[in-house]
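Architecture and fold: a report
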Amino acid sequence: MTTETAYRADGSGRADGVGTWAVLLPAERYEAERLVHHDTLELTGLADVAGPGPGDQVAVLVDAPPRLVALGRVAATAHRHREDPDDPQSGVEPAELVVAYTRRAFDDPVPADLLTLDGPVSPLEPAAFRALADQLGPPPVRRTWLVSLDLPIEAGSPAEAVRLFWSYVQELGPRELPAFVSPAGDELAMQAFVLGAEANQDPEEDD
């Protein structure tokens, strides 16, 4: 079966009726997306009239070296009005590009060394997009995991202890607090994760 391919006036490829694009994430944004699950990727200042449109397919990459970390589809591109009580007509914020994730590979990125990106948003040949998607292979089988945080907290009551617990979680977050994860039914396989990666919590093993 052949796929009809057309091209926009700005050079962006189109396959199966949609455009194909590459979005390059800054390193700090990649770390943030890797630490906390999001259904969408929201980027300000990248949407453009001649750029990605709703329904277009997007390959999300990071640089140095180039790696594919996610696939998605453009959910919306919009300008947001600034909220200025003194001047409600005072223009708009930079355009926002919203990409709904369809596949994530933040923990196991795919090399994309052959791609040449012109900027934070670049047109991508449909064949190049399909080649990147094919490298991801089928999604992993989903299973149930038990995830926990254990914090020793001094408090005058159980309710106060719970309040302090959530305060510490909000203040320290995944960058400092170790989360413990194990497959359901196999607690002996528990692992600790900090900054989204496995971290050794046994001081004796560090000596």
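Scroll up to find the structure.
Residues numbered from 1 in each chain as written. Predicted model: local features only at pLDDT ≥ 70, side-chain atom pairs only at ≥ 80, totals over all residues. Heavy atoms only, no water.

**Regarding the pattern of salt bridges**
Where charged atoms from two side chains of opposite charge approach closely, those side chains can pair. Quick reminder of the rule: Salt bridge, as used here: a side-chain nitrogen of Lys or Arg that lies within 4 Å of a carboxyl oxygen of Asp or Glu. By definition, any uninterrupted DSSP run of H or I lasting at least four residues is a helix, any uninterrupted run of E lasting at least two residues is a strand, and each is numbered from the N terminus.
Per the stated rule, a full pass over the model turns up two salt bridges. We note a salt bridge from Glu33 to Arg29, for which the minimum N-O separation is 3.2 Å. Separated by four residues within a single helix, Glu33 and Arg29 lie in helix H1 (residues 27–35), roughly one turn from each other.

**Concerning the packing of aromatic side chains**
Threshold: In summary, the pairing rule links any two rings of Phe, Tyr or Trp, Trp by its six-membered ring, whose centres are within 6.5 Å, and it sorts them by plane angle into stacked for under 30 degrees, edge-to-face for over 60 and tilted for everything else. In this scheme, the term charge over a ring applies when either NZ of a lysine or CZ of an arginine sits within 6 Å of the ring centre and within 35 degrees of the ring normal.
As enumerated under the stated definition, the model contains three aromatic pairs in all. Within the aromatic cluster, the residues linked to one another by ring pairs are Tyr30, Tyr101 and Phe106. We note Arg143 situated over the ring of Trp145; from NZ or CZ to the ring centre the distance is 4.9 Å.

**As for the nonpolar core**
As a reminder, the rule being used: Definition used in this section: a nonpolar core is a set of buried Ala, Val, Leu, Ile, Met, Phe, Trp, Tyr and Cys residues joined via side-chain atoms within 4.5 Å. We call a residue buried when its accessible area falls under 20% of the maximum for its residue type, exposed when it is over 50%, and partly exposed in between, using a 1.4 Å probe and counting protein chains only. Any two residues having at least one pair of non-hydrogen atoms within 4.5 Å are treated as being in contact.
Among the nonpolar cores identified, the biggest contains 16 residues, and Leu25, Tyr30, Leu41, Val58, Val60, Val69 and Phe106 are the most heavily contacted of them. Of all elements in the fold, only strand E3 (18–25), strand E4 (40–44), strand E5 (57–62), strand E6 (67–78) and strand E7 (96–104) reach the threshold of two or more residues within this core. Each residue touching Phe106, except ones within four places of it in the same chain, is listed here: Tyr30, Glu33, Arg34, Val69, Ala70 and Tyr101. With 13 residues, the next largest nonpolar core counts Leu61, Leu71, Val110 and Leu132 among its residues.

**Examining the sheet that holds strand E13 (residues 197–198)**
Spelled out, the test is: Any two strands with at least two DSSP-identified bridges between them are counted as paired.
In space, the four strands of this open sheet follow the order E10-E11-E12-E13, with antiparallel pairing throughout. The sheet is open, and its two borders are formed by strand E10 (145–148) and E13, each paired with just one other strand.

**Some details on unusual backbone geometry**
Each neighbour pair has its own omega, and for Ala64 with Pro65 the value is -5°, a cis peptide bond. By the element assignment, Pro65 lies in the loop between E5 and E6. Although it is not a glycine, Ala64 sits at a positive phi angle of roughly 60°. Mapped onto the elements, Ala64 comes out in the loop between E5 and E6.

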